[in-house]
2 protein chains.
Amino acid sequence: MPSPTHRAQRRTDALSRERIVEAAVELLDTAGESGLTFRVLTERLATGAGAIYWHVANKGELLAAATDAVVAAALAPGGSQASPQEEIRAVALGLFDAIDDHPWLATQLSAQFSRSPWGAVTPRIFERIGRQVSALDVPQETWFTATSALVHYILGAAAQNAANAVSARELDPSVDRAGFLDAAATAWEELDPDDYPFTRAVAAQMRVHDDREQFLGGVDLVLTGIITR
Amino acid sequence: MPSPTHRAQRRTDALSRERIVEAAVELLDTAGESGLTFRVLTERLATGAGAIYWHVANKGELLAAATDAVVAAALAPGGSQASPQEEIRAVALGLFDAIDDHPWLATQLSAQFSRSPWGAVTPRIFERIGRQVSALDVPQETWFTATSALVHYILGAAAQNAANAVSARELDPSVDRAGFLDAAATAWEELDPDDYPFTRAVAAQMRVHDDREQFLGGVDLVLTGIITR
DNA sequence: ACCTGAACACCGTTCAAGT
DNA sequence: ACCTGAACACCGTTCAAGT
């Protein structure tokens, strides 16, 4: 029973690139990467396929736009004037949480990375992190390498974490995080001692670790390397 | 004009998982990720689709097997008993070169990473690097985070590099590496000074950098962080 | 300028049937 | 046990036709 106010909200009913991207993100969030299809998008938006193609060149561009929209939102505020280190940690955590909320983002981000390294998303992240690195009082010759290392670590680690979260849900939705970690750690402990001594040795650590804490630990580690050199 | 010796080689003509994976890798190398299709695979192997499905569950498994095969080869020898740092650099370079030779590996590696974090490839890399980290004389509590950071950096940076190589080829096959870097650097220098001050500042660095050197620089940076902490 | 929707080419996967 | 190949369901994309 929509009130007139709601109707007014729906009045801007015309198709637009924005509305399409929005619907795509929703679909990705709820149905995963394989759930984003021009057919269901067509139903959801109550139009024909051609209509979507009028606003968007192809599926790749749609995926890129969806990724871009979510990343832009995650990078948005920034807020206070903390130290460069704290800013970097904040940006990193923002991306970490975004990937956690939109697990498809992980794959997409590295795909963007691969397809057009300097398309739209990557430069935003690179610039955002790099600006803080340059404020870090380290020689300028190290900026490029340092920023690359940070960005690679952040995206890689966040992606890995999202993957863990997804596969945990898929494997057994009833089991909680602790249960999943426990099962994984146990699996590690049962690996062949000759082939996997290290992984076995580290299994206990993995059982009790906190994702965000561990993620930030890695950021600090790279930061330490940057400052020390 | 195949000699009898060659014929003997071709005698083991029966379909096998190994032969299928081999053909898949070849196809991926020459035609890219979108070139790997059950139809052309079927032609190449001169069989029917069902025959392939007898040996391989589905396309995902085939991709995983191809990735696994290439990574296993890249990680294979190891050789000398150098210092842990040197070993880590060697392993890193091995992966770097493998991704450079098989650009599809980059996407696939992070996809594997996402789909089944502890499927087959990732643990191999993790273990290989981790073993050296544990020999690094740093407290055991740091092993997990340190190894994760290294692996994330290595895969991320190598992937980025492969992506650059691919898009360089695609954009204009006639232009060489120096030309590509030059064009990219120029593009960076022409970015909006208000929005992208850092990227602009780092453009010159990017113009003259050497991929492998820069990659190893990042590895050293993370290693420094690990040892310093 | 923007949208419709049937049609096209192509894909991964299945399966009854063969050997 | 292993292979054949037609058939199925589904996909991204195009395009003549409408408004």
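Residues numbered from 1 in each chain as written. Chains lettered and ligands numbered in written order. Predicted model: local features only at pLDDT ≥ 70, side-chain atom pairs only at ≥ 80, totals over all residues. Heavy atoms only, no water.

- Under the annotation held in an unreviewed UniProt entry, chain A carries the name TetR family transcriptional regulator and is attributed to Amycolatopsis heterodermiae.

Quick notes on the protein's contact with DNA strand C
Point 1. Taken together, 18 residues are adjacent to DNA strand C, and Thr47 and His55 of chain A together with Arg39, Tyr53 and Lys59 of chain B come closest.
Point 2. The sugar and phosphate moieties of DNA strand C supply 48% of its atoms located within 4 Å of the protein.
Point 3. Between a phosphate oxygen of DNA strand C and a side-chain N or O atom of Trp54 of chain A, the distance comes to 3.4 Å.
Point 4. The side chain of Lys59 of chain B places a nitrogen or oxygen atom 2.6 Å from a phosphate oxygen of DNA strand C. (Near = heavy atom within 4 Å. Polar contact = N/O pair within 3.5 Å; in protein donor to acceptor, adjacent residues only side chain to side chain.)

Observations concerning the relation of the copies chain B and chain A
Point 1. Rotating chain B by 180° and translating it 0.0 Å along the rotation axis places it on chain A, where the RMSD comes to 0.0 Å. Put plainly, the chains are arranged around a two-fold axis. For chain B, the minimum C-alpha distance to the rotation axis belongs to Gly225 of chain B and amounts to 1.8 Å.
Point 2. Looking at the interface residues of chain B, 100% of them are also at the interface in chain A, so both copies use one shared face. (Least-squares fit on C-alpha atoms with pLDDT ≥ 70 in both. Contact = heavy atoms within 4.5 Å.)

Considerations on the packing of helix 5 (residues 59–75) of chain B against helix 8 (residues 121–134) of chain B
Residue and element names in this part refer to chain B.
Point 1. Contact pair helix 5 / helix 8: the axes reach a minimum separation of 9 Å and the direction vectors enclose 20°. Judged by the angle between their axes, helix 5 and helix 8 are roughly parallel. Classified by chirality, the crossing of helix 8 by helix 5 is left-handed. Note on element contacts: helix 8 touches helix 5 through Val121, Arg124, Ile125 and Arg128, opposite Thr67, Asp68, Val71, Ala72 and Leu75.
Point 2. The class makeup of the residues in the contact of helix 5 with helix 8 is five nonpolar, one polar and three charged. (Axes fitted to C-alpha atoms, helices over the stretch in contact; angles between N-to-C directions. Helix = DSSP H or I, 4+ residues; strand = E, 2+ residues; numbered from the N terminus. Parallel < 35°, antiparallel > 145°, perpendicular 65-115°, else oblique. Left-handed = near helix turned anticlockwise from the far one by under 90°. Nonpolar A, V, L, I, M, F, W, Y, C, P; charged D, E, K, R; others polar.)

Observations regarding the protein's contact with DNA strand D
Point 1. Taken together, 18 residues surround DNA strand D, and among them Arg39, Tyr53 and Lys59 of chain A together with Thr47 and His55 of chain B come closest.
Point 2. For DNA strand D, the fraction of atoms within 4 Å of the protein that belong to sugar or phosphate moieties is 47%.
Point 3. Measuring from a base oxygen of DNA strand D, one finds a side-chain N or O atom of Arg39 of chain A at 2.4 Å.
Point 4. Tyr53 of chain A places a polar side-chain atom, nitrogen or oxygen, 2.7 Å from a phosphate oxygen of DNA strand D.
Point 5. In terms of residue count, helix 4 (residues 49–55) of chain B provides more of the surface near DNA strand D than any other element does, five residues in total.
Point 6. Partitioned by chemical class, the residues of the surface near DNA strand D number nine nonpolar, seven polar and two charged.

Section: the pattern of salt bridges
Residues and elements named next belong to chain B.
Point 1. Under the counting rule described, the total for this entry stands at 14 salt bridges over all chains.
Point 2. Notably, a salt bridge pairs Asp220 with Arg89, separated by 2.7 Å at the nearest N-O pair. Here Arg89 lies in helix 6 (residues 84–101) and Asp220 lies in helix 13 (residues 211–228), a separation of 131 residues in the sequence.
Point 3. Here Glu189 makes a salt bridge to Arg207, at a shortest N to O gap of 3.1 Å. (Salt bridge = Lys/Arg side-chain N within 4 Å of Asp/Glu carboxyl O.)

Digging into helix 6 of chain B
Point 1. Between its first and last C-alpha atoms helix 6 of chain B spans 26 Å; for 18 residues at 1.5 Å apiece the expected length is 26 Å, and the two agree.
Point 2. Among all positions in helix 6 of chain B, only Pro84, Glu87, Ile88, Val91, Ala92, Leu93, Leu95, Phe96, Ala98 and Ile99 of chain B are buried. (Expected span 1.5 Å × (residues − 1). Buried < 20%, exposed > 50% of the residue type's maximum accessible area, 1.4 Å probe, protein only.)

Comments concerning the UniProt feature "DNA-binding region" (unreviewed entry) in chain A
Point 1. Under the local residue numbering, the UniProt record ascribes the feature "DNA-binding region" (unreviewed entry) to residues 37–56 of chain A.
Point 2. Taken end to end, residues 37–56 of chain A has its terminal C-alpha atoms 14 Å apart, with 70% of it in helix and 0% in strand. (UniProt positions renumbered as here; feature names shortened; annotations may be inferred.)

Details of the side chain of Asn161 of chain A
Residue and element names in this part refer to chain A.
Point 1. Residue placement: Asn161 occurs in helix 9 (residues 143–171).
Point 2. Since its relative accessible area comes to 8%, Asn161 is described here as buried.
Point 3. Those residues in contact with Asn161, other than ones at most four positions away along the chain, are Phe96, Asp100 and Asp211.

Examining the interface of chain B and chain A
Point 1. If you look at the interface, chain B gives 55 residues, while chain A gives 55 residues.
Point 2. Around 4,700 Å² of area is buried between chain B and chain A when both sides are counted, 65% of it from carbon and sulfur atoms.
Point 3. The three residues of chain B that bury the most area against chain A are Phe144, Phe198 and Leu221 of chain B, which together make up 16% of that side's buried surface.
Point 4. Our count for the chain B to chain A interface comes out at zero salt bridges.
Point 5. On inspection of chain B and its partner chain A, the count reaches 16 residue pairs in polar contact (both at pLDDT 80 or more).
Point 6. Listing elements by their share of the side of chain B that touches chain A, those giving two or more residues are helix 7 (104–115), helix 8, helix 9 (143–171), helix 11 (197–201), helix 12 (203–208) and helix 13 of chain B.
Point 7. A total of 15 residues in the side of chain B that touches chain A trace back to one element, the largest contributor, which is helix 9 of chain B.
Point 8. Split into classes, the residues belonging to the side of chain B that touches chain A amount to 22 nonpolar, 24 polar and nine charged. (Buried area = accessible area lost by both parts, 1.4 Å probe.)

Some points on the packing of helix 13 (residues 211–228) of chain A against helix 13 of chain B
Point 1. One can describe the packing of helix 13 of chain A onto helix 13 of chain B by two numbers: an axis separation of 7 Å at closest approach and a directional angle of 100°. Here helix 13 of chain B runs roughly perpendicular to helix 13 of chain A, going by the angle between their axes. On helix 13 of chain B, the residues touching Leu221, Val222, Thr224, Gly225, Ile226 and Thr228 of chain A of helix 13 of chain A are Leu221, Val222, Thr224, Gly225, Ile226 and Thr228 of chain B.
Point 2. A breakdown of the residues in the contact of helix 13 of chain A with helix 13 of chain B according to their chemical character gives six nonpolar, six polar and no charged.

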